[in-house]
Amino acid sequence: MAETHTAKRPLSPHLQIYRPMLTMMMSIMHRITGSALYFGIILLVWWLTAAAISADYFAIMQAFFGHWFGKLVLFGFTWALLHHMLGGLRHLLWDTGHGFKLSTIEWLARLNLASSIILTLVLWLGVYWVRGTL
Amino acid sequence: MKTPLGMVRGLGSAKTGTEHWWLQRVTAIANIPLVIFVIVFILWHLGADRAALMASVKHPLIAIALAMSFLSILWHMRLGMQVIIEDYVHGRWRIVCLLGNVFFTIALGIAALYAILSLSFGA
């Protein structure tokens, strides 16, 4: 195994070669949102565990999410979650062998981005409307 | 002398690829309703005190839905992060990251299940 990698053969060009395109960015965003959610869920488990430990500890977590910064984190978390979920729906569609026309792919990318933002706003406004506060 | 291509030629598939791909899809589909439930659950309990949260989790359907959510989401997370690690991490750190991924997701899952059961059955 020591003599491997001695022959340099051409590899396919990497990301920085290509002009950035929306579909490419959406592919990268799927990974970025997935990774962000991967670590973001720590806060969610922490929140539940704090409630299991004591009322005081839970109050501290609630104070964090009541602060504007905590709300911003939660808002970002809901957007990332919805964006990743809608991106996943595109992948499920492609898994069935449909939606590979270039114009469809482009259209789906735009729809994904727009609906993730709209759904996040609708969800937060909906909760605000039902609860009367945030 | 061997090229990277020559090293993998004739070895066939990575053996567990289909199962990995399939479970990623199974958990993805399960996550659709579960994730919506979790988002609503969190936003619903913004500013709530422990008693109010407990009252919610005491309902069997809420506790079961929460437990299912964490199992499916964390499983999906482990599969997804494994692919990211295999794509970007090379050398000795790869196995460290792969192990860390397994331990991290299982630890979070057990913590979440403990919290749900504790809130659901506790006083």
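For the structure, check the block above.
Please read all numbers here as calculations on a predicted model, not as lab measurements.

Draft legend 1. Quick peek at the nonpolar core. Residues Trp 47 of chain A together with Leu 53 and Phe 70 of chain B are the most contacted members of the largest nonpolar core, which totals 47 residues. Secondary structure elements with two or more residues in this core: helix H1 (22-53), helix H2 (55-66), helix H3 (68-95) and helix H4 (102-131) of chain A together with helix H2 (17-44), helix H3 (50-57), helix H4 (60-88) and helix H5 (93-121) of chain B. Setting aside residues up to four positions removed in sequence, Phe 70 of chain B forms contacts with Ile 41, Leu 44, Val 45 and Leu 48 of chain A together with Ala 112 and Ile 116 of chain B.

Draft legend 2. Examining the interface of chain A and chain B more closely. Every contact between the two is made by 40 residues of chain A and, on the other side, 46 residues of chain B. When chain A packs against chain B, close to 3,900 Å² is buried across both sides, 78% of that on carbon and sulfur atoms. The largest share of the area that chain A buries against chain B comes from Arg 31, Tyr 38 and Leu 48 of chain A, three residues that together contribute 18% of it. Taken together, chain A and chain B are joined by two salt bridges. A salt bridge links Arg 31 of chain A to Asp 87 of chain B, with the shortest nitrogen-to-oxygen separation between them at 2.8 Å. One can count nine residue pairs in polar contact (both at pLDDT 80 or more) joining chain A with chain B. Listed by contribution, the elements that provide at least two residues to the side of chain A that touches chain B are H1, H2, H3 and H4 of chain A. Considered class by class, the residues forming the side of chain A that touches chain B number 26 nonpolar, nine polar and five charged.

Rules behind the numbers
Residues numbered from 1 in each chain as written. Chains lettered and ligands numbered in written order. Predicted model: local features only at pLDDT ≥ 70, side-chain atom pairs only at ≥ 80, totals over all residues. Heavy atoms only, no water. Core = buried A, V, L, I, M, F, W, Y, C linked by side-chain atoms within 4.5 Å. Buried < 20%, exposed > 50% of the residue type's maximum accessible area, 1.4 Å probe, protein only. Helix = DSSP H or I, 4+ residues; strand = E, 2+ residues; numbered from the N terminus. Contact = heavy atoms within 4.5 Å. Buried area = accessible area lost by both parts, 1.4 Å probe. Salt bridge = Lys/Arg side-chain N within 4 Å of Asp/Glu carboxyl O. Polar contact = N/O pair within 3.5 Å; in protein donor to acceptor, adjacent residues only side chain to side chain. Nonpolar A, V, L, I, M, F, W, Y, C, P; charged D, E, K, R; others polar.

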